[in-house]
Amino acid sequence: MHKNLHKATDCIHSDTKFQGVNTPIYTSTANRYLDYDETIYPRYFNTGNQKIITEKLARLEKGEDAIVFSSGMAAISTSILSQIKSGDHVIVSTEIYGGTHKFILDEFKRFGIEFNFVFGNDLEKLKTSVKPNTRIIYTETPSNPLLSIIDLEAFATFAKSRNIVTIVDNTFGTPINQNPLELGIDIVIHSGTKYLSGHSDLCFGAMVSSKSIKEKVLSSALNFGGSLNALDCYLIERSLKTLEVRVTRQNDNAMELAHYLKKNKKVRKVYYPGLEDHPEHEVAKKQMNEKYGGMLSFELQGVPTEQFLKKLHLIAPAVSLGGVETIICQPSKTSHVKMSPKDRLKIGVTDDLLRLSVGIENTNDLINDIEQALT
Ligand SMILES: *Cc1c(COP(=O)(O)O)cnc(C)c1O
């Protein structure tokens, strides 16, 4: 493959060793080993179908190598646990995916791993939380569900000076809009279930990093076993071909909807990093290449939230995100339901907050649907 292709091209073309432009679905779990350097086995993360998508993801994320897992949580748990031992300390931003928050609360204590949740994406607070045994700082930007932004370059520079591994969940950013590895972050995580799949019909996860970090994560991954089957790999290969086209449209649609909601008198507040009055707009502009993603959140004014949700025709109240169809959810009842109401309020997730995952429909139809549900 040529080195300096554009992302739209990289999404489509792979270095296939086959005559077809797609990789054949190779389902064999038993493979000959005599005369071969490597034993191929799905849980060794080295089948042809797995490799073709890890190479593509590594290229798109500007990393050296990648691993694909059976879910986003498998990518998160394996990547974190591969870097630490009992007695170590991990710093985590409070504005992260609810499942990651629950993983840390449920599992870390039993293994004697210390942790601190640090409010929001505040770099100064992250700095003051570092202890001599801090091994990892884990964060998300744009964050879920309030779309706050952390300055990745400043964050990475600080962590490197202390020898701390940085992990960023780039699910909301997508490899099209943002490449944290280029800014000095060590490990990028994706819930591929979202934008990378894009059609709300696949579940997978990925980590991307340097070769040396990937080898360390891989040695734990072989033991934890969260590998992916050939059929799903094939569907991911297919989904990735349209990633750039889908995300470009989702970026544009979300920007248009954010401006529409901002002007609407029945909307109290809009959270979108593309809006100029977003507190971290300038940082987002710099590190997201002036594209702000397909996720936004808002609060209604004088319209009961549940009534609004019930009146929507086109936009489905549904859990998950990143698909071609626009869906909406109430984080206090879905992604953040496991967080205590007190913790939710502390991070600004009110009961009435709505999170919109913007699809690739015509925006006039989406605006008409919102408009009729507000009346
Ligand atoms: C969905 C999600 C995850 C978890 O991914 P699964 O594929 O459901 O395991 C992690 N991080 C973010 C930001 C997500 O949206």
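Residues numbered from 1 in each chain as written. Predicted model: local features only at pLDDT ≥ 70, side-chain atom pairs only at ≥ 80, totals over all residues. Heavy atoms only, no water.

1. With respect to the overall build of the chain
The number of helices and strands found in the chain is 14 helices and 12 strands. Oriented by its inertia axes, the alpha-carbon framework of the chain measures out at about 70 × 50 × 35 Å. Relative to its full complement of 375 residues, the chain shows a buried share of 54%. A separation threshold of at least 6 residues defines the contact pool for the chain, and within that pool the share at least 24 residues apart is 73%. Counting only carbon and sulfur atoms, one obtains 53% of the accessible surface of the chain, whose full area is about 16800 Å². Across the chain, the mean location of the 44 positive side-chain charges is 3 Å away from that of the 44 negative side-chain charges. (Helix = DSSP H or I, 4+ residues; strand = E, 2+ residues; numbered from the N terminus. Buried < 20%, exposed > 50% of the residue type's maximum accessible area, 1.4 Å probe, protein only. Contact = heavy atoms within 4.5 Å. Areas by Shrake-Rupley, 256 points an atom, 1.4 Å probe, with all protein chains shown as cover. Lys, Arg positive; Asp, Glu negative; His and termini not counted. Charge placed at Lys NZ, Arg CZ, Asp CG, Glu CD.)

2. Regarding the domain arrangement of the chain
The accessible area lost on association of the parts is a frequent measure of interface size. Here the chain is partitioned into domain 1 (7-240) and domain 2 (243-374). A separation of 25 Å is found between the C-alpha centroids of domain 1 and domain 2. Across the contact, 40 residues belong to domain 1 and 40 residues belong to domain 2. For the pair domain 1 and domain 2, the summed buried surface comes to about 3200 Å²; carbon and sulfur atoms form 62% of the total. Contact with domain 2 buries surface across domain 1, with Leu146, Asn177 and Tyr195 losing the most and accounting together for 24% of the total. One can count 1 salt bridge joining domain 1 with domain 2. Residue Lys286 pairs with Asp151 through a salt bridge whose shortest N-O separation is 3.6 Å. (Domains from an automatic or database assignment. Buried area = accessible area lost by both parts, 1.4 Å probe. Salt bridge = Lys/Arg side-chain N within 4 Å of Asp/Glu carboxyl O.)

3. Notes on the pattern of salt bridges
Under the criterion given, the structure shown has 17 salt bridges. Glu124 serves as the salt-bridge partner of Lys127, at 3.7 Å between the closest nitrogen and oxygen. One end of the pair, Lys127, and the other, Glu124, are both in helix H5 (residues 123-128), 3 residues apart, so they sit about a helical turn from each other. Judged by its relative accessible area of 30%, Lys127 is partly exposed. For Glu306, the salt bridge is made with Lys333, and the minimal N-O distance between the two is 3.0 Å. On the criterion of sequence distance, the pair formed by Glu306 in helix H12 (residues 305-311) and Lys333 in the loop between strand S11 (327-329) and helix H13 (341-346) is long-range, its members being 27 residues apart.

4. A look at the side chain of Thr134
Among the secondary structure elements, Thr134 is positioned in strand S4 (residues 134-140). Of the polar contacts made by the side chain of Thr134, one reaches the side chain of His89; its length is 2.7 Å. Within the structure, Thr134 has its side chain in polar contact with the backbone nitrogen of Lys131 (distance 2.7 Å). (Polar contact = N/O pair within 3.5 Å; in protein donor to acceptor, adjacent residues only side chain to side chain.)

5. Describing the site of the ligand
By nearness alone, 13 residues border the ligand, and Met73, Asp169, Ser191, Thr193 and Lys194 come closest of all. Asp169 places a polar side-chain atom, nitrogen or oxygen, 2.7 Å from a nitrogen atom of the ligand. One of the side-chain N or O atoms of Lys194 is found 2.7 Å from an oxygen atom in the ligand. In the complex, the protein chains occlude 91% of the 380 Å² of accessible area that the ligand would expose alone. Looking at the shell around the ligand residue by residue, the class counts come to 5 nonpolar, 5 polar and 3 charged. (Near = heavy atom within 4 Å. Nonpolar A, V, L, I, M, F, W, Y, C, P; charged D, E, K, R; others polar.)

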